[in-house]
Amino acid sequence: MFKTTIKFIDLFAGIGGFRMSFDRCGCQCVFSSEFNEACQKIYEANYGEKPQGDITKIDAKDVPNFDILCAGFPCQPFSICGKKMGFNDTRGTLFFDVCRIIKEKQPKVVVLENVKHLINHDKKRTFRVILSTLEELGYTVSHKVLNSNKFGVAQCRERIIIVGVRDGKFEFSDMQEFAPLTIRDILDEDGDFEYLDKSEYTLLDTKYIHQQKTGLIFIGYRNKNIWSKGVKPNTEHLSRCHRQPNRIYSIDGTHPTLPSQETSGRFWIYIPEKDAVRKLTIKECYKLMGYPDNFIIDTNKGNAYKQCGNSVVIPMIHELAKSIIRQCFTKEYHVKFTTNNRQLKFNF
């Protein structure tokens, strides 16, 4: 028997990465929540509805019934980029508001996403609390750190995915992986590009350049003031002053994680054919996250970069969504996969 419509809710929705991924599988979003007003506007512009605000003020009884709960709950309390305060941070406790809705509605599947460092936070105590809480709510929980470069995007971005299933268990091994793209594959041919003068950067000697397992090819750095004390010869590029925004990567490899704290787009790439270094455009950053060309982006560049860095990677979550449907609902489910205004039909 075919299930006509799988319904899901989109909590901490951001600009709708989960929404787009599950929409493409023919699922129906029946409720969304996002606290940030700038994100709300972009969400509404792309999906035609404005998410509700503060989740702490939402009565779980008012949420429509649904089959799948999606929540990329705030990662800053657990990220190495933040202060790593975990549940001591107000945002960390928002996980329990997710549980409040789960307890009331008891959906078949719960899907959570966060930074991979959540696993080790507070000597792994934080993660154990999350898993045990979901188990107490009646779910069999699976989790895995997934890297977006395994799902057809040119970005090395590792995230912990937690899937809880009521009356079943999710197997990550069912997810199909794809060959990674390179930065070259997503570059725009034309645009208002920002190039660096050759005096503003240094390329590494070829003997220090190699492709990492993640696909990254670190090829140089911007000429910023660095600490000289204690720096060994030929390792100047490893100075802590040359953090990610000052590093330059080859377009024949993948790109490192686009951070949520970034608001000025300091992502630099080397183009060998032109022997030139330029900044990635905001449009190219969204391509690294798997967003289609017709996605409406915030006109405020600072907001746009931050929203991009806070998003989930569309192709990875889309593959996760397909696998959840296959495993947890039916082996032959008819869906419509929508991308770039085209509809392709698949039978699982």
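Residues numbered from 1 in each chain as written. Predicted model: local features only at pLDDT ≥ 70, side-chain atom pairs only at ≥ 80, totals over all residues. Heavy atoms only, no water.

## With respect to the sheet that holds strand β4 (residues 109-115)
Pairing within the open sheet is mixed, and its six strands lie in the order β2-β1-β3-β4-β6-β5. Pairing within the sheet leaves two strands with one partner each, and these edge strands are β2 (28-33) and β5 (140-147). Looking at each pair of strands side by side, their axes are set apart by 20° on average, direction ignored. Relative to β2, strand β1 (residues 7-11) runs parallel, the two sharing five bridges. Residue pairing for β2: Phe8 is matched across the bridge by Cys29. Helix α7 (residues 314-328) rests against β3 (68-71), β4, β5 and β6 (158-165) of the sheet, and its axis sits at about 20° to β6. (Pairing = 2+ DSSP bridges. Helix = DSSP H or I, 4+ residues; strand = E, 2+ residues; numbered from the N terminus. Axes fitted to C-alpha atoms, helices over the stretch in contact; angles between N-to-C directions. Contact = heavy atoms within 4.5 Å.)

## Observations regarding α7
With 15 residues, α7 should cover 21 Å at 1.5 Å per step; its first-to-last C-alpha distance of 21 Å lies within 8% of that length. The buried fraction of α7 amounts to twelve of the 15 residues, a majority that puts the element mostly inside the structure. Within the span of α7, buried status applies to Ile314, Met316, Ile317, His318, Glu319, Leu320, Ala321, Lys322, Ser323, Ile324, Ile325 and Cys328. (Expected span 1.5 Å × (residues − 1). Buried < 20%, exposed > 50% of the residue type's maximum accessible area, 1.4 Å probe, protein only.)

## Regarding the packing of aromatic side chains
Using the criterion set out here, one finds twelve aromatic pairs in the structure. A centroid spacing of 4.9 Å and a plane angle of 90° characterise the contact between Phe170 and Phe172, whose relative ring orientation is edge-to-face. The class for Phe172 is buried, based on a relative accessible area of 10%. Aromatic pair Phe193 and Tyr195: ring centres 6.5 Å apart, planes at 90°, arrangement edge-to-face. (Phe/Tyr/Trp six-rings, centres within 6.5 Å; stacked < 30°, edge-to-face > 60°.)

## A closer look at the nonpolar core
By size, the foremost hydrophobic cluster in this structure holds 58 residues, and its most contacted members are Phe22, Ile68, Leu320 and Ile324. Per-element accounting of this core gives the leading share, eight residues, to α7. Apart from the residues within four sequence positions on either side, Ile324 is in contact with Phe22, Ile68, Val109, Val111, Phe170 and Phe329. By size, the runner-up hydrophobic cluster in this structure holds 31 residues, among which are Ile55, Phe66, Ile101 and Leu112. (Core = buried A, V, L, I, M, F, W, Y, C linked by side-chain atoms within 4.5 Å.)

## Some details on the environment of Leu288
Examined against the element boundaries, Leu288 turns out to sit in helix α5 (residues 282-288). When the C-alpha positions of Leu288 and Leu258 are compared, they lie 8.5 Å apart, and in sequence the two are 30 residues distant.

## Observations regarding the sheet that holds strand β9 (residues 247-250)
The strand order β7-β8-β9-β10-β11 describes an open sheet built from five strands, whose pairing is mixed. Unpaired on one side and paired on the other, β7 (201-203) and β11 (276-279) mark the two borders of the sheet. Each strand of the sheet is rotated relative to its neighbour by a mean of 30°, with strand direction disregarded. When strand β10 (residues 268-271) meets β11, the two strands line up antiparallel, connected through four bridges.

## A closer look at the confidence of the model for the protein chain
Looking at the protein chain, pLDDT values average 84 and 81% of them are 70 or higher. Considering each helix and strand of the protein chain separately, the mean pLDDT is smallest for strand β13 (residues 342-347), with a value of 35, and largest for helix α2 (residues 37-47), with 98. Counting contacts from residues 227-232, a segment whose pLDDT is below 50, to residues more than four positions away or on other chains yields four contacts. The low-confidence segment residues 337-348, where pLDDT is below 50, has 30 contacts with residues more than four positions distant or belonging to other chains. (pLDDT = per-residue confidence, 0-100.)

## A look at helix α4 (residues 125-136)
Compared with an ideal rise of 1.5 Å per residue, which puts twelve residues at 16 Å, α4 spans 16 Å between its outermost C-alpha atoms and is within 8% of the ideal. For α4, the set of buried residues is Thr126, Phe127, Ile130, Leu131, Thr133 and Leu134. Down the axis of α4, the sector holding all buried residues measures 160°, keeping them to one side. Immediately downstream of α4, the backbone of Gly138 shows phi near 105°, a positive value. (Arc of directions from axis to C-beta.)

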